[in-house]
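Observations on the model geometry
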Amino acid sequence: MKQKQKIVVIGAGMASGRVIENLVETAPDDFDITLFNAEQRGNYNRIMLSPVLSGEKTYEDIVTHDDDWYAAHGVTCRFGEHVVGIDAAQKTVTGQNGTVSYDKLIIATGSAPFIIPVPGKDLPGVITYRDLDDTNAMIEASQKGGSAVVIGGGLLGLEAAAGLAERGMSVTVVHLMGHLMERQLDEAAGYLLRRDLERRGITIRTQASTKAIIGDGRAEAVLLDTDESLPADLVVMAVGIRPETRLATDAGLEVARGIQVDAQMQTSDPDIFAVGECVEFDGNLFGLVAPLYDQAKVLSQTLMGQADAFVVKDTATKLKVTGCDLFSAGDFADGEGREDIVLRDPARGVYKRLVIEEDRLIGAVMYGDTADGNWFFQLIKDATDVEDMRETLIFGPSAQGGDTVDPLSAVAALPRDAEICGCNGICKGTIVDAIEGGAGDLGTVRATTKASASCGTCTGLVEQLLQVTLGDDFQMPTAQPVCGCCELTHEDLRRLIKSQELKSQEAVWQELGWKTRNGCHVCRPAVNYYLLADWPLEYRDDPQSRFVNERKHANIQKDGTFSVVPRMWGGITNPAELRAIADAADKYNVPTVKVTGGQRIDLLGVKGEDLPFIWADLNRAGLVSGHAYSKGLRTVKTCVGSDHCRFGTQDSTGLGIKLEQILWGSWTPHKVKLGVSGCPRNCAEATCKDIGIICVDSGYQVSVAGAAGMDLKETEPLGDAASEQEAIDLTIAFVQLYRENAKYLDRAYKWVAKVGLDWVKSQVVDDLNERARLIEAFELSQSVYRRDPWAEGAKVATSFQPLADLTLEAAE
Amino acid sequence: MNWIDVGAIEDIPLRGARKIKTALGCVAIFRTGLQEVFAASNLCPHKGGPLSEGIIHGQSVTCPLHNWVFDLNSGQAQGEDASIPTFPVEVRDGRILLDGTELAKRSAA
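The present account deals with the structure reproduced in this document. Remember, it's a predicted structure, so these values are computed and weren't measured experimentally. Along each chain, the written sequence defines residue order, and numbers are assigned to residues from 1. Key to labels: chains lettered from A, ligands numbered from 1, both in the order written. Whole-chain, interface and lining totals are the exception, using all residues; otherwise, since this is a predicted model, local features are given only for residues with pLDDT of at least 70 and side-chain atom pairs are given and counted only at 80 or more. As a rule here, side-chain values cover all heavy atoms of the structure and leave hydrogens and water aside.

**Re the overall build of chain A**
Runs of E in the DSSP output that reach at least two residues are strands. Runs of H or I that reach at least four are helices, and both are numbered from the N terminus. Looking only at helices and strands, chain A has 27 helices and 39 strands in total. Each of the 812 residues in chain A was classed as buried or not, and the buried ones make up 53%. Computed with the Shrake-Rupley method and a 1.4 Å probe, the accessible areas treat only the protein chains shown as cover for residues. With an accessible surface of roughly 35,100 Å², chain A has 49% of that area assigned to carbon and sulfur atoms. In chain A, 81 positive and 117 negative side-chain charges are present, and the distance between their average locations comes to 5 Å. Partly exposed describes any residue whose relative accessible area lies between the buried limit of under 20% and the exposed limit of over 50%, with all areas from a 1.4 Å probe on protein chains only and scaled to the type maximum. For this count, His and the chain ends are skipped, Lys and Arg are scored as positive, and Asp and Glu as negative. The atom standing in for a charge is NZ when the residue is Lys, CZ when it is Arg, CG when it is Asp and CD when it is Glu.

**Overview of the overall build of chain B**
The number of helices and strands found in chain B is one helix and 10 strands. Scanning chain B from its N terminus toward the C terminus, one meets helices and strands in the order β-β-β-β-β-β-β-β-β-β-α. A compact globule built from 109 residues would reach a C-alpha radius of gyration of about 13 Å, and chain B, at 13 Å, matches this within 12%. Viewed in the frame of its principal axes, chain B has a C-alpha envelope of about 35 × 30 × 20 Å. Relative to its 109 residues, chain B shows a buried fraction of 55%. Residue pairs in contact within chain B that sit at least 24 positions apart in sequence constitute 40% of those at least 6 positions apart. A total accessible area of about 4,700 Å² is found for chain B, and carbon and sulfur atoms account for 47% of it. Between the averaged position of the 10 positive side-chain charges in chain B and that of its 12 negative side-chain charges there is a distance of 5 Å. With C-alpha atoms as the basis for the radius of gyration, the globule rule is written as 2.2 Å multiplied by the number of residues raised to the power 0.38. Contacts between residues were defined by any pair of non-hydrogen atoms, one from each residue, lying within 4.5 Å.

**Let's talk about the interface of chain A and chain B**
Accessible area lost upon the coming together of the parts serves often as the stated size of an interface. Opposite the 33 residues of chain A that make contact, chain B presents 39 residues. With both sides pooled, the region where chain A packs onto chain B buries about 2,700 Å², and carbon together with sulfur makes up 57% of that total. Simply put, the buried area is the total loss of 1.4 Å probe accessible area from both parts when two parts are fitted together. Per-residue buried area on chain A facing chain B is highest for H521, L803 and L806 of chain A; these three make up 26% of the total on that side. We define a salt bridge as a side-chain nitrogen of Lys or Arg found within 4 Å of a carboxyl oxygen belonging to Asp or Glu. The interface formed by chain A and chain B contains five salt bridges. Of the charged contacts in the structure, one is a salt bridge between E36 of chain B and R517 of chain A, with a shortest N-O distance of 2.7 Å. Under this definition, polar contacts are N or O atom pairs within 3.5 Å; protein pairs additionally need one hydrogen-donor-capable and one acceptor-capable atom, and for neighbouring residues in sequence, both atoms have to be side-chain atoms. Joining chain A to chain B, the criterion identifies 13 residue pairs in polar contact (both at pLDDT 80 or more). Those elements giving two or more residues to the side of chain A that touches chain B turn out to be helix 16 (505-511), helix 17 (523-534), helix 18 (548-552) and strand 39 (804-805) of chain A. Considering each element in turn, the side of chain A that touches chain B owes the most residues, three residues, to helix 18 of chain A. In this classification, Asp, Glu, Lys and Arg are treated as charged, Ala, Val, Leu, Ile, Met, Phe, Trp, Tyr, Cys and Pro as nonpolar, and every other residue, Gly included, as polar. Looking at the side of chain A that touches chain B residue by residue, the classes come out as 12 nonpolar, 10 polar and 11 charged.

**Describing the sheet that holds strand 6 (residues 60-62) of chain B**
Across a sheet, strands are paired by hydrogen bonds formed along the backbone, either parallel or antiparallel in direction. Residue and element names in this part refer to chain B. We call two strands paired when DSSP finds no fewer than two bridges between them. Read from one edge to the other, the open sheet built from three strands follows the order 5-6-7, with strand pairing classed as antiparallel. Looking at which strands have only one partner, the edges of the open sheet turn out to be strand 5 (55-57) and strand 7 (69-71). On average, each strand axis in the sheet is inclined to that of its neighbour by 25°, with strand direction left out of account. Sheet topology places strand 6 next to strand 7; three bridges connect them, and they run antiparallel. For every element, the axis is a line fit to its C-alpha atoms; helices are fit only across the contacting stretch, and the angle between N-to-C directions ranges from 0 to 180 degrees.

**Brief notes about the nonpolar core**
General note: in soluble globular proteins, nonpolar side chains tend to be found buried as a group. Residue and element names in this part refer to chain A. Put simply, buried Ala, Val, Leu, Ile, Met, Phe, Trp, Tyr and Cys residues joined by side-chain atoms within 4.5 Å make one nonpolar core. Core analysis: the biggest nonpolar cluster contains 65 residues, and M138, L164, V171, L193, L234, V236 and I431 have the highest contact counts within it. Among the elements that take part in this core, helix 6 (residues 155-166) stands out by supplying six residues, more than any other. Note that the domain bounds reflect an automated or database-derived domain assignment. Counting the residues that make up this core, at least three belong to each of domain 1 (5-111 + 243-303) and domain 2 (115-239). Leave out the neighbours within four places in its chain, and L164 touches L53, M138, S142, A148, V150, M169, V171, L234 and V236. Core analysis: the next-biggest nonpolar cluster, separate from the first, contains 49 residues, A12, A251, V261 and L292 among them.

**Notes on the packing of aromatic side chains**
Any two rings among Phe, Tyr and Trp, with Trp reduced to its six-membered ring, count as a pair given centres within 6.5 Å; such a pair is stacked if its planes are under 30 degrees apart, edge-to-face if over 60, and tilted if neither. Evaluated as defined, the whole model comprises 14 aromatic pairs over all chains. Their ring planes at 40° and their centres at 6.4 Å tell us that W68 of chain B and F70 of chain B sit as a pair that is tilted. On the accessibility criterion, W68 of chain B (16% relative accessible area) is buried. Each residue in the set W69, Y70 and F79 of chain A is aromatic and connected to the rest through ring pairs, giving one cluster. The ring of W667 of chain A carries R546 of chain A above its face, with NZ or CZ at 3.5 Å from the centroid. In this scheme, Lys NZ or Arg CZ marks a charge over a ring once it lies within 6 Å of the ring centre and within 35 degrees of the ring normal.

**A short note on the sheet that holds strand 10 (residues 147-151) of chain A**
Residues and elements named next belong to chain A. The strand order across the open sheet formed by five strands is 9-16-10-11-12, and the pairing between neighbours is parallel. Edge positions in the open sheet fall to strand 9 (126-128) and strand 12 (203-205), since each of these has one partner strand only. Sheet twist, expressed as the average angle between the axes of neighbouring strands with direction ignored, equals 20°. Pairing analysis gives three bridges linking strand 9 to strand 16 (residues 234-237), with the strands arranged parallel. When the bridges of strand 16 are listed, V126 appears paired with V235. Packed on one face of the sheet, helix 5 (residues 132-143) meets strand 9 and strand 16 and runs near 140° to strand 9.

**Describing helix 23 (residues 724-741) of chain A**
To estimate how far a helix should reach, multiply one less than its number of residues by 1.5 Å. Across its 18 residues, helix 23 of chain A extends 26 Å between first and last C-alpha, which sits within 8% of the 26 Å expected from 1.5 Å per residue. With 15 of 18 residues buried, helix 23 of chain A is to be regarded as a mostly interior element.

**Brief notes about the packing of helix 25 (residues 757-766) of chain A against helix 26 (residues 768-785) of chain A**
Residue and element names in this part refer to chain A. The contact between helix 25 and helix 26 brings their axes to 6 Å, and the two run at 80°. Relative to helix 26, helix 25 is oriented roughly perpendicular. Taken together, the residues of helix 26 that come into contact with helix 25 (itself represented by Q763, V764, V765 and D766) are L768, E770, R771 and L774. Any angle between 65 and 115 degrees counts as roughly perpendicular, while under 35 counts as roughly parallel, over 145 as roughly antiparallel, and the rest as oblique.

**Some words on unusual backbone geometry**
Comment: phi is negative for the bulk of residues other than glycine, and the bulk of peptide bonds are trans. All names here are of chain A. One non-glycine residue, K91, adopts positive backbone phi at about 55°. Along the polypeptide, K91 turns up in the loop between strand 4 (83-87) and strand 5 (92-95). In this model, H627 sits at a positive phi of 50°, which is unusual for a non-glycine residue. Looking at the element boundaries, H627 is found in the loop between helix 20 (611-620) and strand 32 (633-638). A relative accessible area of 5% places H627 in the buried class.

**A look at the environment of E254 of chain A**
Residue and element names in this part refer to chain A. Counting through the fold element by element, E254 comes out in the loop between helix 8 (246-250) and strand 18 (259-260). Judged by relative accessible area, E254 falls into the partly exposed class, the value being 47%. Those residues within four positions of E254 in sequence are excluded, and the remaining contacts are I259, Q260 and S268.

**Some details on the pairing of strand 31 (residues 601-606) of chain A**
Residue and element names in this part refer to chain A. Among the six residues in strand 31, six count as buried, and that is most of the element. Note: strand 29 (residues 562-564) against strand 31, three bridges, orientation antiparallel. Across the sheet, S563 pairs through a bridge with L604, a residue of strand 31. One ladder, built from four bridges, connects strand 30 (residues 592-595) with strand 31; its direction is antiparallel.

**Considering the pattern of salt bridges**
In this structure the tally under the stated criterion is 50 salt bridges over all chains. Taking the shortest distance from any N to any O, the salt bridge between E90 of chain B and R92 of chain B comes out at 3.0 Å. A relative accessible area of 32% means that E90 of chain B is categorised as partly exposed. Given a relative accessible area of 40%, R92 of chain B falls into the partly exposed group. Taken together, the shared-partner salt bridges in this structure form one network comprising E39, R41, R46 and D133 of chain A.

**Section: the state of the cysteines**
Residues and elements named next belong to chain A. Whenever a pair of cysteine sulfur atoms sits within 2.5 Å, that pair is classed as a disulfide. For the coordinates displayed, the defined rule picks out zero disulfides over all chains. Considering cysteine sulfurs only, C683 is the nearest to C639, which forms no disulfide, with 5.9 Å between them. Given the relative accessible area of 61%, C683 is considered exposed.

Written as structure tokens, this is what we have:
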């Protein structure tokens, strides 16, 4: 066996993370890797800190390598430990907890925020924005409300400002230059960005210079050089970054602005390499992820003995603030011999500018509509001659002849070397090869090629490639938006309704950029459900956003009549109820009476006009709606249990009735059916329900996520309960967790498959505080919804009748 | 014109609909905005679904049976070679007025 090469890595960022990933995946037996990180954690997707700050994502969503990953790949982690020094002669690295020797050293110390040297810069309450700890500090500070001043109107500063405003702080951005993001945007786009941010309540001060941060013991205000003072409970410094080079300098490496490397990422010491934001190559520094990943690829190749060389490429910029759509690429400064093509649509807030030099596109700035950004970027990178399409160039690829209006044909027409994923530099050909090699869904394409695995903005393109390549074999996956009215997935929509505290449909449409007046038949029921599930007291269920069955509280049949199913608690009935049902069937000429699989009786063929009257008759006998029509609790099927059965171990019927009485009336993402069997013989068929309980001598086995429909699936064990009350608690907590988290129209088994049973158990079974919270939240909602909709419908019988009868009107 | 008063606009919930019986079949009145109503046949040409029971969005209705979507201005079904007859309707002083002449003519046609 050959000796493993000892690699020491200083800094767990996105660039070094990619290097380690390449090494352990390509040559798992060749390297013995030790990873130092000053932060108390490993590699996560720093590009996504802004969504974490704004509440659209959580830290868990952006972890790239977790402890299990490092363990599985044998990487020795020394997290939370600062490196004290490098001894290049002895080839050792010394951390706070000891020294380790290396064969090759990788310095990936990233960058440090630039702190402007003004009085008060060290006061508590002044923070920078670089890592998760900064992000968490900002989230914590924002919870107290108050004012924040962000110094710096560049990419990072504006993302911080937007996130803090989202979290309810009053935010002012202080920017030294004349317009925002002056390195990426021209003045016109800067103006539109400023206007959009101001509309969100953010105050923008341009050409403003900070003189001091003042405060007694902690930051209280920012003093401008005009002597104006801006109140600030929190000051965020985001004026820029500089490569973190101290360790390299101390080690005697050549350092200019950054650690100097050659095209193989080698420093002035042949056994020391550097990668990421800390390096300087050919006079360039790097801050965006795409070139960092290029560097990572080159460095891993070099370490594995393969020839490769890093080259500097153009990069494109996007701002990750929801609702601010901007794109810039290339060089767009004014200059001799350069010509502009500008398109403005003030009504839509759209601005596009292309800069052309010698018949080549060299720069593009877009605001408001950036759909064609990647196409323009490709023209810039390829230095395509645009003379022939100049007239229509600014209208994008769809105006360039041919039928490219369909986005699929546009993707299909791209050449193999067209770049799809800018972050990771993945071309169409690589993705198509992966798909043809068996990567049949988005997750697998991400895992095998890394395409769309970083910032995710190219996810749509990757999906289109899957569709183009696989044709009908490909089903558009869950990353699809809810419908054509919006750009959001169900998951994002749910998260934003919670984090932005949107409590009405109008608020959702407005704040989340609905493209239609008031949604459509796909999104309206989903939004209605999410709102009532998250805000049971503030939001009222909207019948006009319900499918007919849930609005009419009966199931529509193919001939336009309805079916009526009264509730029979736990499948138990009595002669009086049966008589009332028989009388109703007679009185309303019900053509079909059927016993259902859920242990109750279905009256089929009732006319819509008769519904309130048949309900009133059934109500009089004590019968209420069985909700056989709703995305809510349907039935609790039981066996006779210990009352009658010689095998019964517990009172399964009694438990079923209790559960049904607790759960009835609740709305859920999809229907919910329960079964309670008195012994493992399972006569109530509990193990194919959404929730199934099997009674045993020692108590109750609660299992969940079964299915007996399009899919057939046995339930999986959630937990064992010693008492009936505990079985009830587990059931309620599970239902509430499902209500709070699942996508609308996902049955419980589909939802559990997505989030994992382990997570469900951790919330419902292991965490007793969370279980109690879930039960309390469910009860709060039930204080509104545990009521009989039939009794209410019977009171407004006229609304079920025709508005007018003109059959007797003389039609002239 | 022969305007027939068929009811108050408040009798129809916002983004809701009610049907009206006529000698030649049911007509649905859709309330798409606070003061905006449309009238069209209640019968979906696909499988006869009751359009007044559909979800109303923008100036369209989705049939409750198989999700055909109709533009209430033209009666045209989205993506299908089919349409429903539409009828002149007005709101005056909170009352919904339907044109009986048009109704008779078109229904008979």
